[in-house]
Every structure is written in C-alpha cells, then in structure tokens.
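Here's the letter readout for the chains.
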Amino acid sequence: MGMEFEFDGRHGSELGLYVIHDDGLFERQFGLSRDTNTDKIRGHGKPYLYSTDNTVLSGTLMFYSEEPWTLKQERAVSEFLFRDTYKDFISEDNPDIVYSLMFRGEPSIATGIDDMGYISVDYECDAPWAWTKPLIAEYTLTPQMLYDGFEFEVDNISNFDEYNAFEVQLDFINEYLEADGNGGAQTTVIDMVCPNSKEISIRNIRNSDESEAFKIYGTKRFPLLNNEQIYINMEKGGITSSLEELRYTCCNYNWITLERGSNKLLISMQEEPDTIPDNYLNSNCLKLTVRCKFPILR
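A quick note: this is a predicted structure, and the numbers were derived from the prediction, not measured.

Caption draft 1: Region of interest: the confidence of the model for the chain. Considering every residue of the chain, the mean pLDDT works out to 80; 76% of them sit at 70 or more. For residues 23-28, every residue scores under 50 in pLDDT, and the model assigns this stretch four contacts once sequence neighbours within four places are set aside.

Here is the structure:
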C-alpha cells in the first residue's frame, strides 16, 4: 500500500509517512498538458487557433502515516511538506525521475480508529515536465590543455527538444607551481595565469562552428581576475561573478544548446604559447564544472 519517497533530500519514512499506492492502476499525467488560445469567428464553425501554452504539472498526492495523526504529527508533516519554494520529490517507483514541486492548497485529512488515516495534498510543479537527476562533471585544466583545446561530452537523455538546462562554472584556480630551488619540492604561488586579454571559447562541435562559439573575455576595464568564479546559465542567458564583476558585458551572447543524445563540446583559450613562461603551461589554471538537467515527459 505504501511507497517510499524523498522530498527535499529527506525520506518521508523518517516521519512514518508514505505515498499511497495500491499496486494496481493509478492515475498520472501523460505527455504535455496544454491550453489553447482560440477565437470564435462568426459564421465559421471552426475556431481560429492562435497558439498553445504548456501548463505546469499539477495534481494531488495522498499520504498515509504509520503514526497516529496527533497534533504533534500533523505539525511535523505540515512543516515537512509545505515549503516556500519548489523542492525535489522522488518516489521509489521511479528513482531516476525528479519532480520539482510545491505543495499548496488546503490539505484534507481522513482518520478512523486510533486516529490512523491519510492526508490528501495538492501539488504544483515548476515546469510542464519532470526532470532527470542533475548531471555534474568537473575538469581541472592546465593552460596547455586549453591552448590545445579540451573536449568533453554531455549526454542529453531528454525526450523533449525545447529546453536546455545547461550551466557552466569557471573557477580560475591560478596555481603556478615553482621549484623551491632544492631540486625537489614544489611551492604553490598564486599568480595571474589568465591575463586580461585572455578569451575563453566554448562550443558544441555537434551543432556549431567556431563563429558560433560562446566566448567570454577580459577587458582593460573588466579583466579576468585571480580566484574569480564565473557562473554561466546557457538556458537563461545569465552570467554572474563571485567577485560581483560585470561579466555580462564581456561575452558574445552565443548561448550553447545541447541536442538530444551525445554532444561533444570544446573549450579553448586564445593566447600565444610563447608569451607564457614554460612552467605555467602544466600548472592548474581553470576548474571547469558542467551542470545539466533535462526534461522528461511521461
């Protein structure tokens, strides 16, 4: 009857709470939920269709508690379920699918003998679909790797084409390794491995050429800085800096999209190698973090 679930990283079973599931047929949404924008034209039986709007997933979940529904239990469950923002919901029957949802409305409770029973709660998701679990990949790169061009793959496992939740984070590590003079140990010295004029390019080899690459660069007024962390949201077209620098004006706005299936991406840095000391070339200069999540229609 009961099914385990996780909400905002916490298991419902910690409160003795389970989703009601009778192991038979049960109702769930299928595909996209849509509204149509139409206009009735006098004298014509067929309405004029202007557009369609996707609507977010919504519905009702029923939970039962292994604990009696005392005032204390009701308060604990209410604090657990009702949040001010969307939180991730995962059920044990589909552990690889994430619903980002918020419980809302007026929940109802039905109890019987010994105050045992269930609650019924409405929910609303943040999108017309469920999500894959977040995919996170990290790469530590040297200047030589960036001059040569570093390739990495992102597998878009979505079954829906119209959304790309693709995020990139650039952490300028700037670890310059220098011999200590005794022929053995190394000493880490923080230095500017990425000069002001450095241009970093990222592109999806599968669907774009060099002219369509996303590029971010330093300028005389806004140079790339030591130990700066730059976050790039390709879907929303946003750039933020940990040092509160105005990075949005230092890019070409060629936001990267990912095709369904395997995507090969290339990150590179434009600089003449002979202008950089040899001992910089194999030192860590950049940590690349890629984050993705993809829509799943059921």
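This is not the end of the story, as more comes after the structure.
Caption draft 2: Structural detail: the pattern of salt bridges. Considering all chains together, one arrives at nine salt bridges under this definition. Between E138 and K287 there is a salt bridge; the shortest N-O distance is 3.8 Å. You can see E138 sitting in strand β12 (residues 135-141) and its partner K287 sitting in strand β22 (residues 286-293), a full 149 residues away along the chain. A relative accessible area of 28% means that K287 is categorised as partly exposed. Among the salt bridges present, the one from E199 reaches K215, with a minimum N-O distance of 3.8 Å. You can see E199 sitting in strand β17 (residues 199-204) and its partner K215 sitting in strand β18 (residues 214-217), a full 16 residues away along the chain. On the basis of relative accessibility, which here comes to 23%, the residue E199 falls in the partly exposed class.

Caption draft 3: Representation of the layout of surface pockets. What the second largest pocket holds in volume is close to 160 Å³. W69, E74, V77, S78, L81, F82, P107, S108, I109, I119 and V121 together form the lining of the second largest pocket. Listing elements by their share of the lining of the second largest pocket, those giving two or more residues are α1 (71-81), β9 (97-111) and β10 (117-125). Broken down by element, the residue count for the lining of the second largest pocket peaks at four residues, all from α1.

Caption draft 4: Summary view of unusual backbone geometry. The phi dihedral of D8 falls on the positive side, at around 55°, and the residue is not glycine. Residue placement: D8 occurs in the loop between β2 (5-7) and β3 (10-11). Residue class for D8 comes out partly exposed when judged on its relative accessible area of 35%. Positive phi is not limited to glycine here, since Y253 has a value of about 65°. Looking at the secondary structure, you find Y253 in the loop between β20 (238-241) and β21 (261-270). Residue class for Y253 comes out partly exposed when judged on its relative accessible area of 37%.

Caption draft 5: Structural detail: the packing of aromatic side chains. Applying the stated criterion to the full structure yields 17 aromatic pairs. With a centroid separation of 6.4 Å and 20° between ring planes, the pair formed by F150 and F152 is classed as stacked. In this structure F152 comes out as buried when scored by relative accessible area, which is 4%. Following the ring pairs from residue to residue traces out a cluster consisting of F5, F7, F63, F80, F89 and F103. The cationic tip of R10 hangs over the ring face of F80; the distance from NZ or CZ to the ring centre is 5.5 Å. Here K293 stacks its cationic end above the ring of W131, 4.4 Å away from the centre of that ring.

Caption draft 6: Region of the structure containing the sheet that holds strand β19 (residues 229-233). In space, the five strands of this open sheet follow the order β12-β22-β14-β19-β20, with antiparallel pairing throughout. Only two strands of the sheet have a single neighbouring strand rather than two, namely β12 and β20. Here the average twist between neighbouring strands, direction ignored, is 15°. With seven bridges joining them, β12 and β22 adopt antiparallel strand pairing. For L135, the partnering residue across the bridge sits in β22 and is C292.

Reading guide: rules and limits
Residues numbered from 1 in each chain as written. Predicted model: local features only at pLDDT ≥ 70, side-chain atom pairs only at ≥ 80, totals over all residues. Heavy atoms only, no water. pLDDT = per-residue confidence, 0-100. Contact = heavy atoms within 4.5 Å. Salt bridge = Lys/Arg side-chain N within 4 Å of Asp/Glu carboxyl O. Helix = DSSP H or I, 4+ residues; strand = E, 2+ residues; numbered from the N terminus. Buried < 20%, exposed > 50% of the residue type's maximum accessible area, 1.4 Å probe, protein only. 1 Å grid on protein atoms, 1.4 Å probe; cavity = no way out; pocket = protein on both sides within 12 Å on 5 of 7 lines; lining within 4 Å. Points joined across faces, edges and corners; volume = space filled by probe spheres on them. Phe/Tyr/Trp six-rings, centres within 6.5 Å; stacked < 30°, edge-to-face > 60°. Lys NZ or Arg CZ within 6 Å of the ring centre and 35° of its normal. Pairing = 2+ DSSP bridges. Axes fitted to C-alpha atoms, helices over the stretch in contact; angles between N-to-C directions.

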